[in-house]
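Survey of secondary and tertiary structure
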Amino acid sequence: MALPERWDMEVDVAVLGSGASATTTAILAADNGAEVAVLERADVVGGTTALSGGVLWVPNNHHMAEAGFEDSREDALAYLNSLSLGMMDDELVETLVDTGPEMLRYMEDNTPVSLHVFEGYPDYHPENPGGKPEGGRSLDNDLFPFEELGSWAERINHQPDAVFFPATMLEIDTGQVEAIPQEVLEARRARDMRSTGQALAGSLIKGCLDREIPVHTATRARELILDDSDAVVGVRAERNGEDYFVKARKAVVIASGGFEWNEDLVKAFLRGPMTAPTSSPENEGDGLLMAMDAGAALGNMSEAWWIPGIHVPGDEMRGRTFARLILAERTWPRSIIVNRYGKRFMNEAANYNAVGHAFHTFDPNTFEFINLPAWLIVDSRYQAPIARHPVGPDAPDWIRRAGTLAELADEIDIDAAGLEETVARFNEGAVRGEDPDFQRGVSAYDSYNGDRSQEPPFTTLGPIDTPPYYAALIESGALGTKGGPKTNAQAQVLRARGGVIPGLYAVGNAMAGVTAMVYGGAGGTLGPGMTFGYIAGMSAAREPDHIA
Ligand SMILES: Cc1cc2nc3c(=O)[nH]c(=O)nc-3n(C[C@H](O)[C@H](O)[C@H](O)COP(=O)(O)OP(=O)(O)OC[C@H]3O[C@@H](n4cnc5c(N)ncnc54)[C@H](O)[C@@H]3O)c2cc1C
């Protein structure tokens, strides 16, 4: 839109969103001398980042070297290139690998952000060239005391039923938590010390508050304001039902997450059905629409950070039904996922992003996505809860149950003979520790989320042979989309017709994803999000004033 008659606020850099990508941008812009404001649509801050595991994937980071893990620029590039399928932009990938370690050091030195190596967490394709089966690139958050946030502690986004146990993900995953004395846990509780995405979002918001960066909640950015030369000079937001015009002398940074909650955009762009978003429900692609209006080039539009999800009746966040991601559920022994023909269609224990692609297999004869709907099938000796609900006599109704596989197939309307045949074949291999059809258990990754009281591959392989049998509906879901305005290595948005759009930046899930179809390892979304936030903040602060 053209220049408004009034400005309600004037800053150098306006950042749209308050997730990790946004807050990192805001901090760097402020540290480089810009006057900054954060505009957040929700009445809470932190976005999906605050709901997340908070893990960052940063190849060749300093914690790795300190903890004795080897990595190099060459290994990191070889790894990403081995997964590129020709879709990654070399310059952006090199920028990611080169700047990630610098971003991490800067954030740890200058903000409360603090991480440690998530020991043993393998890359998601660990056997690929340059992959790290022993982990090191994935970083887990140290605990962050929410008491330091004052009244903002209540305003960090979280799932309605979230329980904040005061231990890091590493402590929990490795069982070290068992050795933590009660009084230590109590002392942590007294300071409201939180881990995972809560720690990351909390420490980033604290970084903004320490710099006195104003964070405006319930302020939904809607339209970019362009001058006569098509430079972006501000944004029209909506606040209390009214227009709110923000002048941004140097830049507007779109960090408003993906478009996974906007059904029209999902249908328009994604490569196949996606019915189970697990992210913050405000992520409706407003940033994408604004960039399109301004003439941005788009990239990676068909992609998302895929993950299988389950809808549990009653799960709502701010009036919208969200899905739970499933990880251990499809990794533990005595579980498989089948389609309506009762057939398996993938290594269920593979990383979620890669698994997500399998839901989009299309049969040209029957003209259908043959792997949707899909069902998780387990037996009564299966040990993991499904979407936090135990399997067994107390299982809720949405976990379907039957005394035989044929009855279960009838109950969920899938091919009974197909299911019986599939389970028989799976069981035959599973007892030997083999999966001849999909090689489940072969990769180091396959065991990570499984039953670690067993030796691989029995961490993930075990027969489905003890009735009653159970089934849960699995949907094609996403942690967020990762298509959006294309950028250069400074995170400046490119114009569809060539050149950059002066004064416009995009970062995080709102930008055309730097790693294309790939999820490098745990933290593979937040690592790049913060790295390009770091770059965008510095670059935006150094822009000339586009408006007086
Ligand atoms: C359960 C779960 C676990 C996860 N674990 C991990 C993990 O451990 N590591 C990892 O790398 N990734 C993880 N992810 C994915 C990761 O959380 C997201 O990819 C990441 O948080 C995206 O960051 P972002 O800053 O781009 O967007 P977000 O964190 O989603 O922030 C976007 C913000 O923009 C706001 N917004 C939207 N529209 C507007 C508007 N018009 N105006 C102003 N504000 C707006 C939103 O309200 C939101 O606050 C996980 C996701 C989930 C759901």
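Note that the coordinates shown come from a computational prediction; the quantities given were computed from them, not determined experimentally.

**Quick notes on the site of the ligand**
Close contacts around the ligand come from 36 residues, with Glu 40, Thr 48, Thr 49, Thr 525 and Leu 526 the closest. Take Asn 509: an N or O atom from its side chain is 2.9 Å from an oxygen atom of the ligand. Note that an oxygen atom of the ligand is positioned 2.8 Å from one of the side-chain N or O atoms of Thr 525. Protein contact buries 95% of the 1,000 Å² of open area that the ligand shows by itself. Of all the elements in the fold, those that place two or more residues in the shell around the ligand are α1 (20–31), α2 (47–51) and β9 (219–226). Ranked by residues supplied to the shell around the ligand, first place goes to α2 with 4 residues. Split into classes, the residues belonging to the shell around the ligand amount to 10 nonpolar, 21 polar and 5 charged.

**So, the sheet that holds strand β3 (residues 56–57)**
Within the open sheet, the 3 strands sit side by side as β3-β5-β4. Their pairing is antiparallel. Both outer strands of the open sheet, β3 and β4 (115–117), are each paired with one neighbouring strand and no more. Where β3 and strand β5 (residues 138–141) come together, 2 bridges link them in antiparallel fashion. Bridged to Leu 56 within β5 is Leu 139.

**Details of the pattern of salt bridges**
Any two side chains of opposite charge can pair, on the condition that their charged atoms come close. Taken as a whole and judged by the stated rule, the model has 44 salt bridges. For the salt bridge of Asp 243 with Arg 236, the shortest nitrogen-to-oxygen distance reads 2.7 Å. Asp 243 sits in the partly exposed class, given a relative accessible area of 34%. Glu 434 serves as the salt-bridge partner of Arg 432, at 3.1 Å between the closest nitrogen and oxygen. The class of Glu 434 is partly exposed, set by a relative accessible area of 41%.

**Side note on the side chain of Arg 249**
Looking at the element boundaries, Arg 249 is found in strand β11 (residues 242–254). Side chain to side chain, Arg 249 and Glu 35 meet in a polar contact 3.1 Å long. For Arg 249, the residues in contact, after removing those within four places along its chain, are Glu 10, Val 11, Asp 12, Glu 35, Pro 544, Asp 545, His 546, Ile 547 and Ala 548.

**Some details on the environment of Asn 509**
Following the sequence through the fold, Asn 509 ends up in the loop between β26 (500–506) and α15 (526–541). Sequence separation between Asn 509 and Ile 310 is 199 residues; the distance between their C-alpha atoms is 22 Å. One polar contact links Asn 509 to Trp 305, side chain to side chain, over a distance of 3.0 Å.

Quick notes on the rules
Residue positions are given per chain, counting from 1 as you read along its sequence in written order. Given that this is a predicted model, residues contribute local features only at a pLDDT of at least 70 and side-chain atom pairs are listed and counted only at 80 or more, while totals for whole chains, interfaces and linings are drawn from all residues. To get the side-chain values, take all heavy atoms of the structure and skip hydrogens and water. Throughout, the term near means that a residue has one or more heavy atoms lying within 4 Å of the molecule or strand in question. Pairing of N or O atoms within 3.5 Å defines a polar contact, subject to two protein rules: one partner must be a possible hydrogen donor and the other a possible acceptor, and residues neighboring in sequence count only if both atoms are side-chain atoms. Residue exposure ignores everything except the shown protein chains as possible cover, and the areas themselves are Shrake-Rupley values with a 1.4 Å probe. Counting from the N terminus, the helices are DSSP H or I runs at least four residues long and the strands are E runs at least two residues long. Three classes are used, and their members are as follows: Ala, Val, Leu, Ile, Met, Phe, Trp, Tyr, Cys and Pro are nonpolar, Asp, Glu, Lys and Arg are charged, and the others, Gly among them, are polar. Strands were regarded as paired on the criterion that DSSP finds at least two bridges between them. For this analysis, a salt bridge means a side-chain nitrogen from Lys or Arg found within 4 Å of a carboxyl oxygen belonging to Asp or Glu. Think of it in three bands: with a 1.4 Å probe and only protein chains considered, a residue is buried below 20% of the maximum accessible area for its type, exposed above 50%, and partly exposed in between. In this description, contact between two residues means that some pair of their heavy atoms is separated by no more than 4.5 Å.

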